[in-house]
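Given next are the chains, with one letter for each unit.
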Amino acid sequence: MKNTTHKSFIFGDFDKDGTPNVDDKKPFDPKVRQLAQKDVLLTDELRALGKHNQSFKPHIMKFISHFKDYNTQYRIKGTFSTIGKLRRYHINEILDIGAVNIVAKNQSEVKAIAEKIKSNYRVIKYNDYYEKNIEGHPYYKAVHITILLDNKPLEIQIKTKGHSKLHEKTHPRYK
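Along each chain, residue indices are assigned from 1 in the same order as the chain's sequence is written. Local features in this predicted model are restricted to residues whose pLDDT is 70 or higher, and side-chain atom pairs enter the listing and the counts only when it is 80 or higher, whereas totals over whole chains, interfaces and linings include all residues. Values reported for side chains reflect all heavy atoms of the structure, with hydrogen atoms and water molecules removed beforehand.

**Student:** I'd like to hear about the overall build of the protein, residue by residue, with values.
**Tutor:** Each helix is a run of DSSP H or I of at least 4 residues and each strand a run of E of at least 2, with the numbering of both proceeding from the N terminus. A count of helical and extended segments in the protein gives six helices and five strands. Listing the helices and strands of the protein from first to last along the sequence gives α-α-α-β-α-β-α-β-β-β-α. Only protein chains enter the accessibility calculation, which uses a 1.4 Å probe; a residue is then buried when its area is under 20% of its type maximum, exposed when over 50%, and partly exposed in between. When burial is assessed residue by residue, the protein has 39% of its 175 residues classed as buried. Long-range contacts, defined here as pairs at least 24 residues apart, represent 54% of the contacts in the protein between residues at least 6 apart. Two residues form a contact once any of their heavy atoms are found within 4.5 Å.

**Student:** Which residues make up the nonpolar core, and what values do they have?
**Tutor:** Ranked by size, the top nonpolar core spans 24 residues in total, and within it Phe63, Ile102, Ile117, Ile147, Leu154, Ile156 and Ile158 carry the most contacts. Contributing elements (two or more residues each) for this core: helix H3 (57-64), strand E2 (98-104), helix H5 (107-120), strand E4 (143-149) and strand E5 (152-160). Only buried residues count toward a nonpolar core, which is a set of Ala, Val, Leu, Ile, Met, Phe, Trp, Tyr and Cys residues joined through side-chain atoms within 4.5 Å.

**Student:** Help me get a handle on the pairing of E4, residues and values and all.
**Tutor:** The element E4 is largely enclosed, with a buried count of six among its seven residues. DSSP calls a pair of strands paired once it identifies at least 2 bridges connecting them. Here strand E3 (residues 122-128) runs beside E4; their pairing, made up of six bridges, is antiparallel. When the sheet's bridge partners are listed, Val123 is paired in E4 with Ile147. As consecutive antiparallel partners, E4 and E5 are separated by two residues, and within that stretch Asp150 has a phi angle of approximately 55°, a positive value.

**Student:** Can you break down the sheet that holds E5 residue by residue, with the values?
**Tutor:** Taking strand neighbours across the sheet as the criterion, the five strands line up as E1-E2-E5-E4-E3 in an open arrangement whose pairing is mixed. Each edge of the sheet is formed by a strand with only one pairing partner; in this case those strands are strand E1 (71-76) and E3. In this sheet, neighbouring strand axes are inclined to one another by 20° on average, regardless of whether the strands run parallel or antiparallel. Across six bridges, E1 lies against E2 in antiparallel orientation. Its bridge partner lying in E2, Arg75 is registered against Ala99. For helices, the fitted line uses only the C-alpha atoms of the stretch in contact; every axis is such a line through C-alpha atoms, and the angle between N-to-C directions lies from 0 to 180 degrees.

**Student:** Now, about the pattern of salt bridges: what can you tell me, with residues and values included?
**Tutor:** Any Lys or Arg side-chain nitrogen located within 4 Å of an Asp or Glu carboxyl oxygen qualifies as a salt bridge. Tallied over the full model, the rule gives seven salt bridges. Ionic pairing is found between Asp128 and Lys111, a salt bridge with its closest N-O pair at 2.4 Å. Of the two residues, Asp128 is situated in strand E3 and Lys111 in helix H5; the sequence distance between them amounts to 17 residues. Residue class for Asp128 comes out buried when judged on its relative accessible area of 10%. A cluster of three or more residues bridged by salt bridges with shared partners is formed by Arg75, Lys77, Lys85 and Asp96.

Any functional reading would require information that these geometric values do not contain.
Below, the structure is given as structure tokens:
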């Protein structure tokens with residue numbers, strides 16, 4: 001049997017108690033402390049899932065290279081978060097494994113960026129949350145566009161600087 005050092009960055013430590021969530025009985029309660037296992041053998045399926053998620057990075061970088069004039073950030077969904085979604089969806093239905101956030105100066109620039117994306121990429125999903133509200137989140141404002149780039153879906157979120165800051169403050173910490 002292969003001995004593998006625990007990779008806490010894969011699963012995270014949401015409550016910051018020093019115990020990776022894969023080993024933590026209560027991952028959101030910082031009062032519960034326990035020692036992490038010294039060695040955890042990641043299954044082949046978990047390794048494959050991590051590798052699958054990381055395969056999105058070159059496509060994200062390719063997309064970002066066309067938007068160098070804007071403040072962009074990206075993320076790749078973690079293995080732990082992907083497993084949560086796999087309980088509800090097939091892997092091919094998860095469209096936000098690779099995601100890019102573009103911060104625009106104002107709402108007209110948000111619209112211009114969205115039009116640029118729509119005219120240069122294959123759009124598979126489009127939601128304008130400046131035009132319509134998300135139920136239960138009336139203050140969330142952004143344009144979400146899911147594109148297909150080299151057969152990889154990428155979720156693009158475009159927000160103004162103000163809405164981006166508001167989103168950072170109000171979005172649940174676990175994400």
